[in-house]
Amino acid sequence: MNDITRSKILGSGRYVPERILTNADLEKIVDTTDEWILERSGIRERHIVEPGTPLSHLAAEASRIAIQDAGLKSEDIDVIILATVTGDMKFPATACFIQRLIGADNAAAFDVSAACSGFLYALQLADSLIRTGTYRHALVVGGEILTSMVNWEDRNTCVLFGDGAGAVVLGPSTDEAGILSTFLGSDGTYSDLLYNPGCGCINPPTVENVSEKLHTLRMEGREVFRHAVVAMSRAMKEALKRADLAVKDLDLVISHQANLRIIEALGKRLSLTEAQTYVNVDRYGNTSAASIPIAFDEARRDGRIGPGSLVGLVTFGAGFTWAGGVIRL
Ligand code: UT7
């Protein structure tokens, strides 16, 4: 009989490339200023890969750290779920490359696509798989090399993104710690506000399509901003309701790091204190699916959260998709 009532995070890890691109560097590439970027987004710098770096390499680094942190070996991992929209190739799943790199020979491996919300989508899936007794140990990774999809001539978007990966290992909980709730939402009617038109079957890569930069990311920033604040505040409230908790119970809220002004607007809507708010967008930019696991690992290792902490997770991304969750460490 399966008597697992919840899963918990056994370990976490993160990895970002060494190379840093500052706002001053961007001033040399597009018509922008450090002042504009900082004022409108809160971003000072972002980590970026050398062109051609596989996402699987970043993700494998973060995964090794998370598995070691969990006190496990790669062979103990039963399933690898990678959230990304910038995998190594269109197929096979980049999770399979991670599996090979870390030697997780006993794991099933697949990718999840929900853009910036991807990590929480993958987390809910992994949590369900563990609670049903299907798997014992799940490696959940959020990784992105968005600089591979950015149009470096579009100042509206190219200043916002960074590269990186974060990972957690989930296993059955035998104590109070665990994933207390998750909540996912989507609305495909807004799919044309943040998307990558090329590379899929509608616009396969042709010389014409590439010269029109269809393979790069498009975003209506102001509209995305507006929806992000509303959807994230609703998602956090719904996740709290499902866990029978209130905002005041949370020690920290880790929200998707896309823009400091979005984080502040969300904080206002939820009446979060400064101590409850986590910010690292200034150092990483928007790393999409990697944003929450990178921030989670950083907050843990910096001592902002520890055993017993109640943590809210909330995100928003292309689709539109959004998600919330509450975990006890
Ligand atoms: O991860 C998924 C979720 N993504 C997000 O949450 C992103 C959401 N959106 C945003 O973060 C913000 O909308 C942006 C940071 C993208 C833009 O900030 P904004 O305050 O909404 O600016 P805007 O797009 O309304 O542009 C204002 C002005 C425009 O000039 P005009 O038309 O007023 O003359 C832009 O052309 O700023 C101009 N602008 C820039 N100027 C200097 C846009 N980008 C730049 C730039 N440097 N990099």
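In short, a report on the structure. Because the structure is a prediction, the values reported are computed rather than measured. All residue numbers refer to positions counted from 1 along the written sequence of the respective chain. Whole-chain, interface and lining totals are the exception, using all residues; otherwise, since this is a predicted model, local features are given only for residues with pLDDT of at least 70 and side-chain atom pairs are given and counted only at 80 or more. Only heavy atoms go into the side-chain values, all of them from the structure, while hydrogens and water stay out.

Quick look at the nonpolar core
Side-chain atoms within 4.5 Å are what join buried Ala, Val, Leu, Ile, Met, Phe, Trp, Tyr and Cys residues into a set we call a nonpolar core. With a 1.4 Å probe rolled over the protein chains alone, any residue whose accessible area is under 20% of its type maximum counts as buried; one over 50% counts as exposed, and the rest are partly exposed. With 44 residues, the main nonpolar core has M236, F316 and V326 as its most contacted residues. Residue assignment for this core shows that the elements contributing at least two residues are α8 (221-242), α9 (260-270), β12 (310-317) and β13 (321-328). Here this core gets nine residues from one element, more than from any other, and that element is α8. Here the bounds of each domain stem from an automatic or database domain assignment. The residues that make up this core include at least three from each of domain 1 (7-174) and domain 2 (180-328). Residues contacting F316, with those up to four places away along its chain left out, are C116, S117, V224, H227, A228, A231, M232, H256, T321 and W322. Counting residues in each nonpolar core, the second largest holds 31 residues, with V79, V112, A122 and A289 among its members. Here a strand is any run of E in DSSP of at least two residues, a helix any run of H or I of at least four, and the numbering for each starts at the N terminus. Between two residues, a contact is recorded if the distance between any of their heavy atoms is within 4.5 Å.

With respect to the site of the ligand
Around the ligand, the surrounding shell holds 22 residues, and the nearest of these are T32, R40, R222, N259 and N286. In this structure, an oxygen atom belonging to the ligand sits 2.7 Å away from a side-chain N or O atom of N259. At 2.7 Å, a side-chain N or O of N286 approaches an oxygen atom of the ligand. In this description, accessible areas are obtained by the Shrake-Rupley approach with a 1.4 Å probe, and a residue is regarded as covered only by the protein chains that are shown. Protein burial of the ligand: of its 950 Å² of free accessible surface, 77% is covered by the chains. Near residues are defined by distance, with any heavy atom within 4 Å of the molecule or strand qualifying the residue. N or O atoms closer than or at 3.5 Å make up a polar contact, with two conditions inside protein: a donor-capable atom paired with an acceptor-capable one, and, for residues adjacent in sequence, both atoms drawn from side chains.

Some words on α8
Relative to the 32 Å expected for 22 residues at 1.5 Å per residue, α8 spans 31 Å between its end C-alpha atoms, a close match to the ideal helical length. All buried positions along α8 are accounted for by V224, H227, A228, V229, A231, M232, S233, A235, M236, A239 and L240. Phi for D244, located one or two positions after α8, is positive at around 60°. To estimate the expected span of a helix, count its residues, drop one, and scale the result by 1.5 Å.

Quick look at the packing of aromatic side chains
Two aromatic rings, drawn from Phe, Tyr or Trp (for Trp, its six-membered ring), form a pair once their centres lie within 6.5 Å of each other, and the interplanar angle then sorts them: stacked below 30 degrees, edge-to-face above 60, tilted otherwise. Evaluation of the coordinates by the stated rule reveals three aromatic pairs. The interplanar angle of 20° and the centroid separation of 5.2 Å between the aromatic rings of Y190 and F320 together place this pair among those described as stacked. Of the two residues, Y190 sits in the loop between β8 (178-186) and β9 (194-195) while F320 sits in the loop between β12 and β13, which places them 130 residues apart along the sequence. Among the residues examined, Y190 registers a relative accessible area of 29% and is labelled partly exposed. The class for F320 is buried, based on a relative accessible area of 1%. The structure contains a cluster of three or more aromatic residues connected by ring pairs, namely Y190, F316, F320 and W322.

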